[in-house]
Amino acid sequence: QVTLVESGGGLVRPGGSLRLSCAASGRTFTFSSYAMGWYRQAPGKLRERVAFISWSGGDTYYADSVKGRFTISRDNAKRTVYLQMNSLKPEDTAVYYCAAPWPMPDYWGQGTQVTVSS
């Protein structure tokens, strides 16, 4: 069984920062072999891709809406993927999910709420 657990969400003012974490577990899940992704879903909207990182961390992808503000990274020894979010905007408000493998996930976390509001 594979489990992905996100953490780090919360309420932040516009212009603020948050760092999300996603910890993976499961004996059959070789974390270091999987490309990982972050997705988000805002109220009333479809789930969208936010960022991706290759198994080695050498390749990344960002949605245009977050490019230059968000940074994805991973620590394979800790089986954890991160999403550093800076210069947050109200339109970044959503539930953020990590998933694997990119781009067609089989495994999803439960999500963590990010709310950007003054």
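Here, the structure is the one placed above.
**Q** Looking at this structure, I do not really get the sheet that holds strand 3 (residues 18–25). What am I missing?
**A** Sheet strands line up and pair through hydrogen bonds in the backbone, either parallel or antiparallel. Strand order in the open sheet made by the four strands is 1-3-8-7, with antiparallel pairing throughout. A strand with exactly one partner marks an edge of an open sheet, and here the two such strands are strand 1 (3–7) and strand 7 (70–75). Averaged over all pairs of adjacent strands, the angle between their axes in this sheet comes to 15°, without regard to strand direction. Here six bridges tie strand 7 to strand 8 (residues 80–85), and the two strands are oriented antiparallel to one another. From the neighbouring strand, aspartate 75 faces strand 8, where its bridge partner is threonine 80.

**Q** Can you help me understand the pairing of strand 8 in this one?
**A** Walk down a regular strand and you will see the side chains alternate between the two sheet faces. For strand 8, a buried count of five out of six residues is recorded, marking the element as mostly surrounded by other parts of the structure. As judged from the six bridges shared by strand 3 and strand 8, these two strands associate in the antiparallel manner. Its bridge partner being in strand 8, cysteine 22 is matched across the sheet by valine 81. Joining the antiparallel neighbours strand 7 and strand 8 is a turn of four residues, in which arginine 79 adopts a positive phi near 55°.

**Q** Help me understand the nonpolar core in this model?
**A** Across soluble globular proteins, you tend to see nonpolar side chains buried next to one another. Core analysis: the largest hydrophobic core is formed by 31 residues, its most contacted members being Phe29, Met36, Trp38, Val81, Leu83, Met85 and Tyr96. Here methionine 85 is in contact with Gly16, Ser17, Leu18, Leu20, Arg69, Phe70, Tyr96 and Val114, once residues within four sequence places are set aside.

**Q** It is not clear to me how the packing of aromatic side chains should be interpreted in this structure. Could you clarify?
**A** For any two aromatic rings, the description comes down to two numbers: the centre-to-centre distance and the angle of the planes. Going through the model one piece at a time under the given rule, you end up with nine aromatic pairs. Between the aromatic rings of phenylalanine 29 and phenylalanine 31, the centroid separation amounts to 6.3 Å while the plane-to-plane angle is 65°, which identifies the pairing as edge-to-face. Phenylalanine 31 shares its class with phenylalanine 29; the two are buried. A ring pair is formed by phenylalanine 52 and tryptophan 102, whose centres lie 5.2 Å apart and whose planes are at 35°; its orientation type is tilted. Highlighted residues: phenylalanine 52 in strand 5 (residues 48–53) and tryptophan 102 in the loop between strand 9 (94–100) and strand 10 (107–108), separated in sequence by 50 residues.

Conventions we followed
- Residues numbered from 1 in each chain as written.
- Predicted model: local features only at pLDDT ≥ 70, side-chain atom pairs only at ≥ 80, totals over all residues.
- Heavy atoms only, no water.
- Pairing = 2+ DSSP bridges.
- Helix = DSSP H or I, 4+ residues; strand = E, 2+ residues; numbered from the N terminus.
- Axes fitted to C-alpha atoms, helices over the stretch in contact; angles between N-to-C directions.
- Buried < 20%, exposed > 50% of the residue type's maximum accessible area, 1.4 Å probe, protein only.
- Core = buried A, V, L, I, M, F, W, Y, C linked by side-chain atoms within 4.5 Å.
- Contact = heavy atoms within 4.5 Å.
- Phe/Tyr/Trp six-rings, centres within 6.5 Å; stacked < 30°, edge-to-face > 60°.

Keep in mind these numbers describe shape, not what the thing actually does.
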